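# Residue-level structure breakdown
For reference, the chains in residue letters:
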Amino acid sequence: MEDKIIDFAIKVAACVCGKDGVISQSEEQAILTTITLGYPNYSLKRFNQVLDDFFDETLELEDYLEQLSGTNLKQFTINLCEFSASADGLDIKENIALHKVKLILGEEL
């Protein structure tokens with residue numbers, strides 16, 4: 001899998017996790033753990049850079065989801081979002097964003 005597509009999956013998860021106003025350390029760790037389990041060659045350095053880039057960008061959840069259209073990473077991204085957003089308890093805003101991810105990516109599965 002191309003690292004650039006994985007980058008967008010991470011940004012989708014970051015969007016969902018950040019809907020409550022903060023991406024907690026446990027959420028960040030859950031994203032990293034899931035990524036490294038699924039894609040062991042994905043580097044920690046790249047992961048940290050992707051998160052730094054995410055915080056500098058002004059894109060919305062839908063913008064990142066659009067980048068995943070047509071890839072086979074949809075189910076992985078849904079699972080990534082579920083696991084990471086629930087790492088510190090699932091806030092209502094995170095739950096709504098997670099539902100949107102499932103609707104958009106799930107329709108394409």
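Reference entry: report on the structure contained in this document. (Residues numbered from 1 in each chain as written. Predicted model: local features only at pLDDT ≥ 70, side-chain atom pairs only at ≥ 80, totals over all residues. Heavy atoms only, no water.)

### A word on the pattern of salt bridges
Rule in force here: In what follows, salt bridge is the name for a side-chain nitrogen of Lys or Arg lying within 4 Å of a carboxyl oxygen of Asp or Glu. Labels follow the DSSP assignment, with helices taken as runs of H or I lasting at least four residues and strands as runs of E lasting at least two, numbered in each case from the N terminus. We call a residue buried when its accessible area falls under 20% of the maximum for its residue type, exposed when it is over 50%, and partly exposed in between, using a 1.4 Å probe and counting protein chains only.
Inspection of every chain in the model, using the stated rule, returns 4 salt bridges. Between Lys11 and Glu57 there is a salt bridge; the shortest N-O distance is 2.9 Å. Here the residue Lys11 occupies a position in helix α1 (residues 3-17), and Glu57 occupies one in the loop between α3 (44-56) and α4 (61-68), the gap between them amounting to 46 residues. The exposure class of Lys11 is buried, given its relative accessible area of 8%.

### Brief notes about the packing of α1 against α3
Stated precisely, the cut-off is as follows: Convention adopted: a line fitted to C-alpha atoms gives each axis, helices being fitted over their contacting stretch, and angles between N-to-C directions are expressed from 0 to 180 degrees. Our angle categories are set so that under 35 degrees counts as roughly parallel, over 145 as roughly antiparallel, 65 to 115 as roughly perpendicular, and the remainder as oblique. By definition, turning the near helix anticlockwise from the far helix through less than a right angle yields a left-handed crossing, and turning it clockwise yields a right-handed one. Throughout, a contact is declared for two residues whenever any of their heavy atoms are within 4.5 Å. Residue classes follow a fixed rule: Ala, Val, Leu, Ile, Met, Phe, Trp, Tyr, Cys and Pro count as nonpolar, while Asp, Glu, Lys and Arg count as charged, and any other residue, Gly among them, counts as polar.
Closest axis-to-axis distance for the α1/α3 pair is 10 Å, and the angle between their directions is 55°. In terms of their interaxial angle, α1 and α3 are classed as oblique. Both α1 and α3 take part in a crossing whose hand is right-handed. In this structure, α1 uses Asp3, Lys4, Asp7, Ile10, Lys11, Ala14 and Cys15 to contact α3, whose residues at the interface are Arg46, Phe47, Val50, Leu51, Asp53 and Phe54. In the contact of α1 with α3, the residues fall into 7 nonpolar, no polar and 6 charged.

### Considerations on the packing of aromatic side chains
As a reminder, the rule being used: Between rings of Phe, Tyr and Trp, where Trp is taken as its six-membered ring, a pair exists when centres lie within 6.5 Å; planes separated by under 30 degrees are stacked, by over 60 edge-to-face, and by other angles tilted.
Counted by the stated rule, this structure contains 4 aromatic pairs. Between Phe8 and Tyr64 the ring centres are 6.4 Å apart and the planes differ by 45°, which places this aromatic pair in the tilted class. Note that Phe8 is positioned in helix α1 and Tyr64 in helix α4, a separation of 56 residues in sequence. Taking 6.0 Å as the distance between ring centres and 45° as the angle between the ring planes, the aromatic pair formed by Phe54 and Tyr64 counts as tilted. With Phe54 in helix α3 and Tyr64 in helix α4, this residue pair connects regions lying 10 residues apart in the sequence. Per residue, the accessibility class of Phe54 equals that of Tyr64, and both read buried.

### With respect to α3
Test applied: In a helix, the anticipated span is given by 1.5 Å times the number of residues less one. Directions drawn from the helix axis to the C-beta atoms are what define this arc.
The end-to-end C-alpha distance of α3, which contains 13 residues, comes to 19 Å, matching closely the 18 Å that a straight helix rising 1.5 Å per residue would cover. Of the positions making up α3, those classed as buried are Phe47, Val50, Leu51 and Phe54. One side of α3 carries all its buried residues, which in axial view fall inside an arc of 95°. Away from the buried face of α3 by more than 90 degrees, exposed residues Lys45 and Asp56 are located. Here the buried face of α3 lies against α1, α2 (25-38) and α4.

### Some details on the state of the cysteines
Where we set the bar: Here, a disulfide means two cysteine sulfur atoms that sit within 2.5 Å of each other.
Here the structure, examined in full by the defined rule, presents 0 disulfides. With no disulfide of its own, Cys15 lies closest to Cys81 among cysteine sulfurs, the gap being 8.7 Å. Cysteine Cys17 remains unbridged, with the sulfur of Cys81 as its closest cysteine sulfur at 7.0 Å.

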